[in-house]
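Structural overview
Residue strings, one per chain:
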Amino acid sequence: MALVAGIDSSTQSCKVVVRDAATGALVRSGRASHPDGTEVDPRHWWDALQAAIADAGGLDDVEAVSVGGQQHGMVVLDEDGEVIRPALLWNDTRSAQAALDLIDELGGPQAWADACGSVLVASLTVTKLRWLRDSEPENAARVAAVALPHDWLTWRLAGYGPGSGREGLEALVTDRSDASGTGYWSPTTGEYRRDLLELALGHDAVLPRVLRPHEAGPRSAVGALRPVLGPGAGDNAAAALALGLGDGDVAVSIGTSGVVSAVTSKPTADGSGLVTGFADCTGLFLPLACTLNASRVLDAAARMLGVDHAGLSRLALDAPAGADGLVLVPYLEGERTPNKPDATGALHGLRLANTTPQHLARAAVEGMLCALADGIDALRAQGVAVERVFLIGGGAQSEAVRRVAPSVLGLDVQVPTPGEYVADGAARQAAWVLSGADEPPAWSSASDVETYTAEAAPRVREQYAAVRELTGTR
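If you're wondering where the values come from, they're calculated on a predicted model, not measured in any experiment. (Residues numbered from 1 in each chain as written. Predicted model: local features only at pLDDT ≥ 70, side-chain atom pairs only at ≥ 80, totals over all residues. Heavy atoms only, no water.)

Below, the discussion takes up empty space enclosed by the protein. Vacant regions in the atomic arrangement are exposed by a probe of water-molecule size rolled over the atoms. This model, assessed by the stated rule, comprises five cavities of 30 Å³ or more. By volume, the largest cavity is sized at about 70 Å³. Forming the walls of the largest cavity are W90, T93, V121, A122, S123, L292, E335, R336, N339 and P341. For the lining of the largest cavity, the residue count by class is five nonpolar, three polar and two charged. (1 Å grid on protein atoms, 1.4 Å probe; cavity = no way out; pocket = protein on both sides within 12 Å on 5 of 7 lines; lining within 4 Å. Points joined across faces, edges and corners; volume = space filled by probe spheres on them. Nonpolar A, V, L, I, M, F, W, Y, C, P; charged D, E, K, R; others polar.)

Here it is, written out as structure tokens:
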């Protein structure tokens, strides 16, 4: 029995799954936590990966490994392969002004959508490089290579690291899904836009070689069998691969961020910025809309009400649809879609009759889901077919979210058995690389799903739409 491993290095933790390459059966798993914050020394990711591998029983019997990871994080390396400064993560919004400056310099939002598939917001790597150039010019001048979190971890697994020098930097690899979130790689042409890199950073730098979807990378230095390393993937693309998404399928992921993504055969270039035109990790495309506020909205509501998540769910289901007019606009940490990095959340429609814990809990669930429903509408506006919805992520474990989602989204919702979809997608990719086949293995994480049926939701979306622009600023 050949074994493969999939790694998910997310914002909050590192997960490792070891699976049977032929059947996908889970053999063992492990995990370790990451530090909090929107900037992190990448060494913490490496330490967590070692701990998670050990927790999963090691990789000595594993033949292939792939790394899925949080997108957009800026890892900058000097000529010796040393990390220059802590990585800025996707949810660090300090580069919001840099994004606006770059948009103007290239000729406006549509120019960026045409160039790299996305209108710039603070999460994209290219904006963080401009922030570095403007705010830390001495550090910017030292940058010899730019990597993303999953690129850097794959590089470290291959035995490279501080002291590797120029030869080591040239060994960096990535995949098209993660490269498409940088702002300087084009999903349409499949090439880097080094002019955009230079526009942001002020000079050229080594960028990871983009591997084909199931192209084998270097051998790992970790594990007795020296397993082959796959291209890896951005977290959303890895989850799509785990679920086996095809045309007409949409994944709604409720984690730290909220993501609505779909697999399509054609790239998108949405000048409004609502849809980012990423690539997937199979050779197709992954247009998506991403919100900064998802499960943290539920966290905040539970904290305000002094209950745990199960208690929040019970309260929400005890209130009527629409919460008797109470609406929560969930921009608690600014927002990415729509692009409002300085916005704050707001409660609207307060009346004596709806100032109860039940109503507030319901408004929190509905507000979060309405923001995601707007993302589905944005995909449709780009010509993306929306026929089936898969609800995944930590937030999908809430009974209230599962039961309210179909009515707010306006579609039946498929909820797969909870799992580590990003790590599972990376494992499926590793099995694909190991097999050398033209198609990924047949197994997926969507073989066992529960269906929730849509019902009428009187005025929930309408209520939300009427007040979602009425927010304050920090």
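Axis separation between helix α13 (residues 357-381) and helix α14 (residues 399-409) bottoms out at 9 Å; the angle between their running directions is 45 degrees. It follows from the interaxial angle that α13 and α14 lie oblique. By crossing handedness, the relation of α13 to α14 is classed as right-handed. Contacts between α13 and α14 involve R362, V365, E366, M368, L369, C370, L372, A373 and I376 from the first element and A400, V401, V404, A405, V408 and L409 from the second. Residues belonging to the contact of α13 with α14 are distributed by class as follows: 13 nonpolar, no polar and two charged. (Axes fitted to C-alpha atoms, helices over the stretch in contact; angles between N-to-C directions. Helix = DSSP H or I, 4+ residues; strand = E, 2+ residues; numbered from the N terminus. Parallel < 35°, antiparallel > 145°, perpendicular 65-115°, else oblique. Left-handed = near helix turned anticlockwise from the far one by under 90°. Contact = heavy atoms within 4.5 Å.)

Within this structure, the stated rule accounts for 27 salt bridges. Between K340 and E469 there is a salt bridge, with the nearest N and O atoms lying 3.2 Å from each other. Placement of the pair is K340 in the loop between β19 (327-329) and β20 (346-348) and E469 in the segment after α16 (460-467), with a sequence separation of 129 residues. For K340, a relative accessible area of 23% corresponds to the partly exposed category. Assessed through its relative accessible area of 47%, E469 is described here as partly exposed. Beyond isolated ion pairs, a larger network of salt bridges with shared partners links E39, R85, D92, R94 and E136. (Salt bridge = Lys/Arg side-chain N within 4 Å of Asp/Glu carboxyl O. Buried < 20%, exposed > 50% of the residue type's maximum accessible area, 1.4 Å probe, protein only.)

Looking now at the sheet that holds strand β15 (residues 249-254). Across a sheet, strands are paired by hydrogen bonds formed along the backbone, either parallel or antiparallel in direction. The seven strands lie next to each other as β17-β18-β16-β15-β21-β22-β23, forming an open sheet whose pairing is mixed. Either end of the sheet is taken by a strand with one partner, and the two such strands are β17 (276-279) and β23 (449-452). Geometrically, the sheet is characterised by an average inter-axis angle of 30 degrees between neighbouring strands, direction not taken into account. With two bridges joining them, strand β21 (residues 388-392) and strand β22 (residues 413-416) adopt parallel strand pairing. (Pairing = 2+ DSSP bridges.)

Our focus in this paragraph is the layout of surface pockets. Estimated volume of the largest pocket: approximately 1,100 Å³. Lining the largest pocket are 50 residues, and of these I254, G255, T256, G393 and G394 sit closest to its centre. For the lining of the largest pocket, the per-class residue count stands at 20 nonpolar, 22 polar and eight charged. Taken as a whole, the second largest pocket holds about 270 Å³ of empty space. Along the wall of the second largest pocket there are 21 residues; nearest its centre are R19, P418, G419, E420 and D424. Listing elements by their share of the lining of the second largest pocket, those giving two or more residues are β2 (13-20), β3 (26-33) and α15 (421-435). Of the residues assigned to the lining of the second largest pocket, the class counts are six nonpolar, nine polar and six charged.

Among all positions of α16, only V460, Q463, Y464 and V467 are buried. Along α16, the residues classed as buried sweep out an arc of 95 degrees about the axis, all on the same side. Of the residues in α16, the exposed ones pointing more than 90 degrees away from the buried face are E462 and A466. In this structure, the buried side of α16 is in contact with β19, β20, α13 and α14. (Arc of directions from axis to C-beta.)

Turning to the side chain of T11, a few remarks are in order. Among the structural elements, T11 can be located in the loop between β1 (3-9) and β2. Side-chain polar atoms of T11 contact the side chain of W90, separated by 2.8 Å. Once residues lying within four places of it in the same chain are set aside, the contact partners of T11 are H34, P35, Q70, L89, W90 and N91. (Polar contact = N/O pair within 3.5 Å; in protein donor to acceptor, adjacent residues only side chain to side chain.)

Moving on to the packing of aromatic side chains. Taken as a whole and judged by the stated rule, the model has two aromatic pairs. Their ring planes at 10 degrees and their centres at 6.2 Å tell us that W155 and Y160 sit as a pair that is stacked. Given a relative accessible area of 2%, W155 falls into the buried group. One Lys or Arg, R156, reaches over the ring of W46 and ends 4.5 Å from the middle of that ring. (Phe/Tyr/Trp six-rings, centres within 6.5 Å; stacked < 30°, edge-to-face > 60°. Lys NZ or Arg CZ within 6 Å of the ring centre and 35° of its normal.)

Treat this as a map of the structure, not an account of what it does.
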